[in-house]
Amino acid sequence: MLVTRHLWDDPESCEEYGYGLGAPDGILVLKYRSSGGLAFGENREDFLHQLYWSPDGILATLYGSATTFLGPGEAFWVRRAVSHDVRAGDRQTVYRICLREAPAALNGLRAGPATIDAEAARLIETIARRGCDEATALAARRRILSGLGASSAPAPPAHVHGTGLALSVARALSHDPADPTRLDEWAERLRVSTKTLQRDFVREFGMPYTQWRTRLRLRAARVLLDSHPVTKVAHQVGYASASAFITAFTKEYGQTPGSIAPGGRAPGTPAPHDEPFPDPLRVS
């Protein structure tokens, strides 16, 4: 089943793909495309578990009093009847997967980050398009569930370019962009030299640590600016002052954060140019 809606406001579009609906082994995938920021708002679903995943940007998730940021290598899992809030940045695709069964690996998780392997991510995109038959989709559902896991210090993927040290740091920073830890402090924790860790960042992401951290913070800020004031966003992503944040944002995107803060951008106005953010888990 496919339903496409084009709305005046965000989301720009929402496509719905359902297979085996009504049965315990069914799956419903909602594919959203944002023009401005995409906010699902605080909600709960009493009958279905939900999984949120974006292949091309950061998700900001709120559960309880904690805000967590997730990169493309992770998803946000929510058990039925648990209140939560999920937000995405502008020009971003978000998949919302609804299920009646929970994978065994996430049985103890009420709401929080979950790992998603490359094959599960590929299959989500495969079944959320026209022409996918129900048998194929239901088989894919089983593989998607087996590709989810608890997010707790996973081993570096086999295809890393460097030592995996930079990936460990990137995972931690992706959850908390405001973390003030310096490169030398990370190196001390990992028991390597600062030079070694810096080289690993360049191998994995094509840029030094400080540049990668700045881009992470600004991408995380883009997720929040549609619904939070500039001063609050600056603090949440790690800037000591709003002026420092505004300077960095303007340098990166060519316009001030106020232009996409609440009420700052008229509906339908294109977002500032943005290159894909380096995925901390799946490096090409």
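Coordinates for the structure precede this section.
The paragraphs below set out a description of the structure included in this document. Note that the structure is a prediction, hence the values are computed from the model and not measured.

## Re the packing of aromatic side chains
- Within the structure shown, the criterion is met by eight aromatic pairs.
- Pairing Phe201 with Trp212 gives two aromatic rings, centres 6.0 Å apart and planes at 65°, and the pair type is edge-to-face. Here Trp212 lies in helix 6 (residues 209-224) and Phe201 lies in helix 5 (residues 194-205), a separation of eleven residues in the sequence. Neither Phe201 nor Trp212 differs from the other in exposure class; each is buried.

## What to know about the nonpolar core
- Core analysis: the largest hydrophobic core is formed by 34 residues, its most contacted members being Leu197, Phe201, Phe205, Trp212 and Phe245.
- Elements supplying a minimum of two residues to this core: helix 3 (165-175), helix 4 (183-190), helix 5, helix 6, helix 7 (230-236) and helix 8 (242-253).
- With eight residues, the single largest contributor to this core is helix 6.
- Core analysis: the second largest hydrophobic core is formed by 27 residues, Tyr17, Leu51, Ala114 and Leu145 among them.

## A few points about the packing of helix 3 against helix 6
- It is at 10 Å that the axes of helix 3 and helix 6 come closest, and there the two elements cross at 30°. Regarding the angle of helix 3 to helix 6, the classification is roughly parallel. Remark: the crossing between helix 3 and helix 6 carries right-handed chirality. Residue-level contacts link Val169, Ala170, Leu173 and Ser174 of helix 3 to Tyr209, Trp212, Arg213 and Leu216 of helix 6.
- Its residues placed into classes, the contact of helix 3 with helix 6 shows six nonpolar, one polar and one charged.

Cut-offs and rules
Residues numbered from 1 in each chain as written. Predicted model: local features only at pLDDT ≥ 70, side-chain atom pairs only at ≥ 80, totals over all residues. Heavy atoms only, no water. Phe/Tyr/Trp six-rings, centres within 6.5 Å; stacked < 30°, edge-to-face > 60°. Helix = DSSP H or I, 4+ residues; strand = E, 2+ residues; numbered from the N terminus. Buried < 20%, exposed > 50% of the residue type's maximum accessible area, 1.4 Å probe, protein only. Core = buried A, V, L, I, M, F, W, Y, C linked by side-chain atoms within 4.5 Å. Axes fitted to C-alpha atoms, helices over the stretch in contact; angles between N-to-C directions. Parallel < 35°, antiparallel > 145°, perpendicular 65-115°, else oblique. Left-handed = near helix turned anticlockwise from the far one by under 90°. Contact = heavy atoms within 4.5 Å. Nonpolar A, V, L, I, M, F, W, Y, C, P; charged D, E, K, R; others polar.

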